[in-house]
Amino acid sequence: MPIVAMLLVGVLSSCSADTDSAEPVVANSSYETTTLTSAKQSLAAESTISELKGVNLGFAENFVILSKTGITDVYKSDVTGDVGASPITGAAILLKCYEVTGTIYTVDAAGPLPFRVTNATRLTTAVGDMQTAYTDAARRSNPDFLNLGAGSIGGKTLTPGLYTWTSDLLIPKDITISGSPTDVWIFQVAGNLSMSAAVRITLAGGAQAKNIFWQTAGVVTLGTTSHFEGNILSQTGINLKTGASINGRMMAQTAVTLEMNTVTQPQ
C-alpha cells in the first residue's frame, strides 16, 4: 500500500505540472516574453486592448482640418466639417466657402468670404488641444507591435493596439483595420508616412475611424486617388495628392495641402 500511494502522488504531481506548463509567447513584440496558459493568454490580450485609451482631442475634435500655418487648395475639394488655422492669418486659408460644408474659422478678418467666422479664441484653444493630443499619442509606451513589416505594411490586417515605427512608414498596398466599434488603434511614426496612389484603407468588424490615431513626426503624403481612415496628428505637413480622400481629421502643426480632395469628419 505505501508503494501504491507513492505512485499515485507521483502521477498527480506530474498531471499538475503538465497542466500549468506552456510554451513562451510574445506579450510585447518589442522584447518581452512570458509563460502563459492559453486561457491566460486570451485574458492578457483582452486586458491590453481594454487598457488602451483613445487620444483625447479636446476642443480640436470639433474640426476636420486644423493647421498652424495655412491650408492650400487646388479647386475643387469637398470638405465636410469645420476648418481652421491659427496663429497664421486667415488669408492663408485658400479653401473657398462653397467647398466646405461647415464653418471656416480664422483669427482675423482676412479669410474666405462670405462665410468665414473670425474667432481667435476658439482657434487658440483648438490648436493648443491639438498639440496636447499629439504629445499624448507620441508618449504612449510599451507597443504591441514594433516596426511591423519593417516599415512597409501593404496587404496587412491591423488589429487593435499600439503600433510603433522608429523610422518612415509606407503603405504601398491596400490594408484593413479590423476590430469592434469600441476598439482603439494608435500608430506612432517617427518619420514620414506615405500612402501610394490608389491604395485604400478598409475598416472591418465595426472599426470606427474616430478611434484610429496616426501620430507622425514627419510629413504625411496620401497618394493620388488613395483613401485613408483615421485621425492624423502630424508634427509637420499633411499633403493630399489629386483625388485622394480621407474619412478622418487632419491636424498639422504646419500646413495642410489639398488637391481636389474629399475630406469627411468621422462620426
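Residues numbered from 1 in each chain as written. Predicted model: local features only at pLDDT ≥ 70, side-chain atom pairs only at ≥ 80, totals over all residues. Heavy atoms only, no water.

Examining the overall build of the protein
Under the convention used in this document: Secondary structure elements are defined from DSSP: runs of H or I of at least 4 residues count as helices, runs of E of at least 2 residues count as strands, and each element is numbered from the N terminus. Only protein chains enter the area calculation, which uses a 1.4 Å probe; residues under 20% of their type maximum are buried, those over 50% are exposed, and those in between are partly exposed. It only takes one pair of heavy atoms within 4.5 Å for two residues to be counted as in contact. Accessible surface is estimated by sampling points in the Shrake-Rupley manner with a 1.4 Å probe; for residues, cover comes only from the protein chains shown.
In terms of helices and strands, the protein carries 3 helices and 26 strands. Sorting the 267 residues of the protein into buried and exposed places 42% on the buried side. A fraction of 45% describes how many contacts in the protein between residues 6 or more apart in sequence connect residues 24 or more apart. For the protein, the computed accessible surface area is about 12,400 Å², with 57% contributed by carbon and sulfur atoms.

Some words on the pairing of strand E6 (residues 82-85)
Defined as follows: In this analysis, strands are considered paired if DSSP registers two or more bridges between them.
Side-chain alternation along E6 places Asp82 and Gly84 on one buried face and Val83 and Ala85 on a second face that is also buried. Pairing between strand E3 (residues 63-67) and E6: 4 bridges, direction parallel. Across the sheet, the residue bridging to Ser67 is Ala85, located in E6. Pairing of E6 with strand E8 (residues 104-106) involves 2 bridges; the strand directions are parallel. Among the inter-strand pairings, Val83 is bridged to a residue of E8, identified as Ile104.

Some words on the pattern of salt bridges
Defined as follows: One side-chain nitrogen of Lys or Arg within 4 Å of one carboxyl oxygen of Asp or Glu is enough to make a salt bridge.
Throughout the structure, instances matching the rule amount to 1 salt bridge. Asp136 is paired through a salt bridge with Arg140; the nearest N and O atoms lie 2.9 Å apart.

Description of the nonpolar core
The criterion, for reference: Here the nonpolar core consists of buried residues drawn from Ala, Val, Leu, Ile, Met, Phe, Trp, Tyr and Cys, with membership extended through side-chain atoms lying within 4.5 Å.
Of all hydrophobic cores here, the largest spans 42 residues; its most connected members are Ile65, Trp214, Met250 and Leu258. Ignoring sequence-local partners within four residues, the contact set of Trp214 consists of Leu169, Ile171, Ile177, Phe187, Leu193, Ile201, Phe228, Glu229, Gly230, Asn231, Ile232 and Leu233. Residues Leu52, Ala60, Phe63 and Leu233 belong to the second largest nonpolar core, which totals 20 residues.

Some details on the packing of aromatic side chains
Remark: the centre distance and the inter-plane angle together describe each pair of aromatic rings, the angle taken between the planes. Note the cut-off: The criterion for an aromatic pair is that two Phe, Tyr or Trp rings (for Trp, the six-membered ring) have centres within 6.5 Å, with stacked assigned to planes under 30 degrees apart, edge-to-face to planes over 60 apart and tilted to the rest.
One pass over the structure, following the stated rule, counts 8 aromatic pairs. With a centroid separation of 5.8 Å and an interplanar angle of 65 degrees, the aromatic rings of Phe63 and Tyr105 are classed as edge-to-face. Highlighted residues: Phe63 in strand E3 and Tyr105 in strand E8, separated in sequence by 42 residues. Arranged with centres 4.9 Å apart and planes meeting at 45 degrees, the rings of Tyr163 and Phe187 form a pair that is tilted. Here the residue Tyr163 occupies a position in strand E12 (residues 161-165), and Phe187 occupies one in strand E15 (residues 185-189), the gap between them amounting to 24 residues. For Tyr163, a relative accessible area of 1% corresponds to the buried category. Of the residues examined, Phe187 reaches a relative accessible area of 0% and is grouped as buried. In textbook terms, an aromatic cluster arises when at least three aromatic residues are bridged by ring pairs, as seen for Phe145, Tyr163, Trp165, Phe187, Trp214 and Phe228.

A look at the sheet that holds strand E5 (residues 78-80)
Here 5 strands make up an open sheet; going across it, the order is E7-E5-E26-E23-E20 and the pairing parallel. Across the chains shown, the open sheet's two edge strands, defined by having one partner strand only, are strand E7 (100-101) and strand E20 (227-229). Pairing analysis gives 3 bridges linking E5 to strand E26 (residues 262-264), with the strands arranged parallel. Bridge pairing in E26 places Thr80 opposite Thr264.

Focus on the pairing of strand E21 (residues 231-234)
Of the two faces of E21, both are covered, the one formed by Asn231 and Leu233 as well as the one formed by Ile232 and Ser234. As judged from the 4 bridges shared by strand E18 (residues 212-216) and E21, these two strands associate in the parallel manner. Bridged to Trp214 within E21 is Ile232. With 3 bridges connecting them, E21 and strand E24 (residues 250-252) associate as parallel partners. Pairing of Ser234 across the sheet is with Ala252, part of E24.

Remarks on the confidence of the model for the protein
Close inspection of predicted coordinates is inappropriate in any region flagged by low pLDDT. Test applied: As a per-residue measure, pLDDT reflects the predictor's confidence and takes values from 0 up to 100.
Per-residue confidence for the protein gives a mean pLDDT of 86, with 81% of residues at or over 70. For the protein, per-element mean pLDDT is lowest for strand E2 (residues 32-35), which scores 29, and highest for E20, which scores 99. Between residues 1-48, whose pLDDT stays under 50, and residues either more than four places distant or in other chains, the model counts 25 contacts.

Notes on the environment of Leu170
Position of Leu170 relative to the elements: it lies in strand E13 (residues 169-171). For Leu170, a relative accessible area of 35% puts it in the partly exposed group. With near-sequence residues (within four places) excluded, Leu170 lies in contact with Gly151, Ser152, Ile153, Ser194 and Ser196.

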